[in-house]
Amino acid sequence: MTLKTDFDRAREQAEHALRKGRFPEAEQLYTALIDAPAGEDIPAGGERQQDGAHRDLPALLEGHALALYGLARYQDAEARLRDALERRGAADGPMAAATLSTMARLAEAVGEQRRWTEARELAREAKRLADLSPDVTPETRVSISLALPWLLVRTQDDTAIAQVRALVTDAHFILGTDHPHCWAARHLFVQVLYATGAYEEAELEARNLLELRNERQGPVHPHTLLLRRDLALILHAAGRHDEAAELITDTCAAGEDTLGPEHPCTAHLRTARTAITEQLS
C-alpha cells in the first residue's frame, strides 16, 4: 500500500481543478508544485516537510501549461510546454507517447498565437510519429490527433471538414461517447459545420453534445459555456435571432456569475453577445 503525501494530494487537487475548468485555481496549485524544491512535500498548511515524493516535473509543467492555456496566457503556456517537451525528449525519447502528446499541445499553444505554419508543422510531426510509435496507446493517439484538425478549422482549410469527420469517427470507435477526447472532437465538428454553413446539422450536433456536457461536466464548465455560445452563433446565422440573443444573454450571465468578468471564457461570451445582439437593436 502506497501512502499519499501532501504533495500527492496537492497534485490531485491541481488535476481536479484543471478537469473542472477552474483554471485560476489550477494555475496556482501547479505553480506551487513546480516551485517546490525536489524531494519536499507541499502540505495543505504550515511548513514544507521532507519526504521521498517523486515529482514528474514534465507532467507538472504540462498541467501548468494547460491551466495557462485556459486562461488565454498562450505565450506562458508555450514556454512551459517547450520546457516539458525538452525534458520528456531527453528522458523518454522523441517517440515516447508523453513526448508526442506534449508536442501536440505545443502546436495548439503556438496556433493560438496565429503562428499557423509552425503550429501545423508541429501537429503534423506529432501525428506522424504517433502513427509510427508502438508505445502510443489508442487513447493518446486520439489526443494527439486533435491538434491538426483544430488548426485546419481555424485556418479554414478545405480539408478540415473531412479530417474532423474522420476524427469524430475514430474517437467514437476507440474511446466511446463518454470520453472527454470524444467530446472535444465533437465540439470541433460543431464548429466546422457552422463554418461551412451546415447550420441544421451543426445545431443538432451542438444540442446533443450540450446535453452530454451539461450532464458530465456541468452547466458552468468553460467548455459547456463555450458550446452554448457556439449554439447561439449557429442559431443567429440561421436567422433565429431572438432565440440566439436569449441564449447568449443567459450564457453570459452564467459565465460572469461563476467564472467572473475577467475570465477569458467570459470575454469570449461577451464578444459573441455583442455580435448577436447588435443586429437586434
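As a reminder, the structure under discussion sits directly above these lines.
A brief report on the enclosed structure follows. (Residues numbered from 1 in each chain as written. Predicted model: local features only at pLDDT ≥ 70, side-chain atom pairs only at ≥ 80, totals over all residues. Heavy atoms only, no water.)

1. Some thoughts on unusual backbone geometry
What counts, and what does not: The way it works is that DSSP assigns letters per residue, a run of H or I at least four long becomes a helix, a run of E at least two long becomes a strand, and they are numbered from the N terminus. Three exposure classes are used, based on accessible area relative to the maximum for each residue type with a 1.4 Å probe and protein chains only: buried under 20%, partly exposed in between, and exposed over 50%.
Notably, Ala72 is not glycine yet its phi reads approximately 65°, a positive angle. Structurally, the position occupied by Ala72 is in the loop between helix H3 (57-70) and helix H4 (74-92). Relative accessible area serves as the criterion here: at 34%, Ala72 is assigned to the partly exposed category. Positive phi, normally seen in glycine, also occurs at Arg114, with a value near 65°. Looking at the secondary structure, you find Arg114 in the loop between helix H5 (97-112) and helix H6 (116-132).

2. With respect to H5
The following threshold applies: Expected span of a helix: the number of residues minus one, times 1.5 Å.
Between its terminal C-alpha atoms H5 stretches 23 Å, which fits the 22 Å expected from 16 residues at 1.5 Å a residue. Positive phi shows up at Arg114, right after H5, with a value of about 65°.

3. A look at the layout of surface pockets
Summary: where empty space remains is shown by rolling a probe the size of a single water molecule over the atoms. Which entries qualify depends on this criterion: Points on a 1 Å grid over protein atoms alone make up a cavity when a 1.4 Å probe fits among them but cannot get out, and a pocket when they form an open set with protein on both sides within 12 Å along at least five of seven lines; lining residues each have an atom within 4 Å of a point. Grid points are joined across faces, edges and corners, and a volume is the space filled by probe spheres set on the points. Under the convention adopted here, Pro, Cys and the residues Ala, Val, Leu, Ile, Met, Phe, Trp and Tyr are nonpolar, Asp, Glu, Lys and Arg are charged, and Gly plus all remaining residues are polar.
Considered as a void within the structure, the second largest pocket measures approximately 180 Å³ in volume. For the lining of the second largest pocket, the secondary-structure elements that each account for two or more residues are H6, helix H7 (138-145), helix H8 (147-154) and helix H9 (160-175). With five residues, the top contributor of residues to the lining of the second largest pocket is H9. For the lining of the second largest pocket, the residue count by class is seven nonpolar, two polar and four charged.

4. Re the pattern of salt bridges
The test is simple: The term salt bridge refers to a pairing of a side-chain nitrogen on Lys or Arg with a carboxyl oxygen on Asp or Glu at a separation within 4 Å.
Taken as a whole and judged by the stated rule, the model has 23 salt bridges. One salt bridge connects Asp131 with Arg141, and the closest N-O pair in it is separated by 3.7 Å. Of the two residues, Asp131 is situated in helix H6 and Arg141 in helix H7; the sequence distance between them amounts to 10 residues. Judged by its relative accessible area of 44%, Asp131 falls in the partly exposed class. Two residues, Glu256 and Arg270, come together in a salt bridge whose shortest N-O distance is 3.8 Å. Taken as a pair, Glu256 in helix H13 (residues 241-258) and Arg270 in helix H14 (residues 264-277) lie far apart in primary sequence, 14 residues in all. For Arg270, a relative accessible area of 26% translates into the label partly exposed.

5. Some words on the state of the cysteines
As a reminder of what qualifies: In this description, a disulfide is simply a cysteine sulfur pair whose atoms lie within 2.5 Å.
Counted by the stated rule, this structure contains zero disulfides. Residue Cys252 stays outside any disulfide, its sulfur separated by 9.1 Å from that of Cys265, the closest cysteine. With relative accessibility at 0%, the residue Cys252 sits in the buried group.

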